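Architecture and fold: a report
What follows is each chain in one-letter form.
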Amino acid sequence: MPVVTVQLWEGRTVEQKRALVKAITDAMVEHAGAKPEGLHVILQEIPRENWGRAGVLGVDRADA
């Protein structure tokens, strides 16, 4: 039972998340021999104000 966890900023559409989960599943099947029915993909959406990099919150980044 493989589990793939993806942490990302909030803001993607449901359609984008569907496509991402499908692509991750396909990659795990092709490259890791996973069975799709046993694979879990968990998307953890993090608010930009709760994510920092290089001492700066995501909400304050110019490149965000």
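Residues numbered from 1 in each chain as written. Predicted model: local features only at pLDDT ≥ 70, side-chain atom pairs only at ≥ 80, totals over all residues. Heavy atoms only, no water.

1. Digging into the pairing of strand β1 (residues 3-9)
The condition is simple: Any two strands between which DSSP finds at least two bridges are classified as paired. Secondary structure elements are defined from DSSP: runs of H or I of at least 4 residues count as helices, runs of E of at least 2 residues count as strands, and each element is numbered from the N terminus. Crossovers are marked right-handed if the path from the first strand over the helix to the second runs clockwise, as seen with the strands pointing away from the viewer.
Alignment of β1 against strand β2 (residues 40-46), held across seven bridges, turns out to be parallel. By the bridge assignment, Val3 is partnered in β2 with His40. At this point the chain moves from β1, through helix α1 (residues 14-32), to the parallel β2, and the crossover so formed is right-handed.

2. A look at the packing of aromatic side chains
The condition is simple: To pair, rings of Phe, Tyr and Trp, with the six-membered ring standing in for Trp, must have centres within 6.5 Å; the planes then decide the type, stacked if under 30 degrees apart, edge-to-face if over 60, and tilted in the middle.
Applying the stated criterion across every chain yields a total of one aromatic pair. Both rings, one in Trp9 and one in Trp51, keep their centres 6.4 Å apart while their planes meet at 85 degrees; by these two values the pair is edge-to-face. Placement of the pair is Trp9 in strand β1 and Trp51 in the loop between β2 and β3 (52-53), with a sequence separation of 42 residues.

3. Digging into the pattern of salt bridges
Operational definition: Salt bridge criterion: a side-chain nitrogen from Lys or Arg within 4 Å of a carboxyl oxygen from Asp or Glu. Only protein chains enter the accessibility calculation, which uses a 1.4 Å probe; a residue is then buried when its area is under 20% of its type maximum, exposed when over 50%, and partly exposed in between.
Scanning the model with the defined rule gives four salt bridges in all. Here Arg53 ties to Asp63 by a salt bridge, and the two come within 3.5 Å at their closest N and O atoms. Pair noted here: Arg53 is in strand β3 and Asp63 is in the segment after β4 (56-57), with a separation of 10 residues, a long-range link. Here Arg53 falls in the partly exposed class, since its relative accessible area comes to 49%. Where Arg61 meets Asp63, a salt bridge forms, and the shortest distance between an N and an O atom there is 3.0 Å. A cluster of three or more residues bridged by salt bridges with shared partners is formed by Arg53, Arg61 and Asp63.

4. Examining unusual backbone geometry
Positive phi outside glycine occurs at Ala54, with the angle close to 55 degrees. By the element assignment, Ala54 lies in the loop between β3 and β4.

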